[in-house]
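The residues making up each chain are set out below.
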Amino acid sequence: MKKIFLLLLTAFLFIGCSKDEDTIYDFIGTWAGTYEGTEKGSWNIVVATDGKVTGTMHSDQSTENYSISGQLSESGELTATVGMPQDGEFRGTLTREDKKANGSWTNSVPTPTRSGTWKGEKTSK
């Protein structure tokens, strides 16, 4: 009876454990890079343990800073807004394997709306 109990307990432990790929912990930390398109500059974000994302975009042309805030999924999908209130979007994908990131952005303030792509990488935990 004890052997059956131990066998079942061991089986449940293996079934109950999740893979590391199913967590957000690989993404936690600082990410940074550049953006380009109708405007260019640099960006940085910090991913918190709950997946909350905060950061800034800095424009080389206007020298303005724009806030980034949003959420990162456990699979690395980033959905964020630019500006306060929401003046645009900052969307893309962060990858676990090579710690790279890329996506697209839009910003409607000041007019006309500007847009383009961004890329970067994880810089620290």
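This structure is a prediction, so every number in the text was calculated from the model and none was measured. (Residues numbered from 1 in each chain as written. Predicted model: local features only at pLDDT ≥ 70, side-chain atom pairs only at ≥ 80, totals over all residues. Heavy atoms only, no water.)

**Thoughts on the nonpolar core**
So the rule is basically this: Grouping buried Ala, Val, Leu, Ile, Met, Phe, Trp, Tyr and Cys residues that are joined through side-chain atoms within 4.5 Å yields what is termed a nonpolar core. Burial here depends on accessible area, computed with a 1.4 Å probe over protein chains only, as a share of the maximum for the residue type. Under 20% is buried, over 50% is exposed, and the range in between is partly exposed. Here a helix means four or more residues in a row that DSSP labels H or I, a strand means two or more in a row labelled E, and each is numbered from the N terminus.
Core analysis: the largest hydrophobic core is formed by 20 residues, its most contacted members being Trp43, Ile45, Met57, Leu78, Phe90, Leu94 and Trp118. Looking at this core, the elements with two or more residues in it are strand S1 (29-37), strand S2 (41-47), strand S3 (52-59), strand S4 (65-72), strand S5 (77-82), strand S6 (88-94) and strand S7 (100-107).

**Details of the sheet that holds S1**
Put simply, the rule is: Two strands pair if DSSP finds at least two bridges between them. Angles here are taken between N-to-C directions and fall from 0 to 180 degrees, while the axes themselves are lines fitted to C-alpha atoms, restricted in helices to the stretch in contact.
Taken in spatial order, the eight strands of this closed barrel run S1-S2-S3-S4-S5-S6-S7-S8, and their pairing is antiparallel. Strand-to-strand twist of the sheet, defined as the mean angle between neighbouring strand axes without regard to direction, takes the value 25°. Taken together, the five bridges between S4 and S5 define a ladder with antiparallel strand orientation. Within S5, the residue paired with Ser69 across the bridge is Thr81.

**A closer look at the side chain of Asp87**
Our working rule: His is not counted, nor are the chain ends; Lys and Arg add positive charge and Asp and Glu add negative charge. A carboxyl oxygen of Asp or Glu within 4 Å of a side-chain nitrogen of Lys or Arg is what we treat as a salt bridge. Here, residues are in contact when the closest pair of their heavy atoms is within 4.5 Å.
Tracing the backbone shows Asp87 in the loop between S5 and S6. With no salt bridge to any partner, buried Asp87 finds its closest opposite charge in Arg114, at an N-O distance of 8.2 Å. With near-sequence residues (within four places) excluded, Asp87 lies in contact with Val82, Asn107, Ser108 and Val109.

**Digging into the pattern of salt bridges**
Applying the stated rule across the entire model yields four salt bridges. Close ionic contact of Arg91 with Glu89 constitutes a salt bridge, the shortest N to O distance being 3.2 Å. Arg91 gets classed as partly exposed once you look at its relative accessible area, which sits at 36%. Here Lys100 and Glu121 are joined by a salt bridge, their closest N and O atoms 2.9 Å apart. You can see Lys100 sitting in strand S7 and its partner Glu121 sitting in strand S8 (residues 114-124), a full 21 residues away along the chain.

**So, the confidence of the model for the protein chain**
For the record, the criterion: Confidence of the predictor in every single residue is expressed as pLDDT, which spans 0 to 100.
Averaged over every residue, the pLDDT of the protein chain is 86; the share at 70 or more is 82%. Here helix H1 (residues 2-16) stands out as the least confident element of the protein chain, with mean pLDDT 52; S2 is the most confident, with 98. This stretch, residues 16-20, has a pLDDT under 50; its non-local contacts, to residues over four places away or in other chains, come to three contacts.

**Some thoughts on unusual backbone geometry**
The backbone of Thr63 sits at a positive phi, close to 55°, despite the residue not being glycine. Mapped onto the elements of the fold, Thr63 is located in the loop between S3 and S4. On the accessibility criterion, Thr63 (54% relative accessible area) is exposed. Its identity is not glycine, yet Lys99 carries a phi of approximately 55°, on the positive side. Note that Lys99 resides in the loop between S6 and S7.

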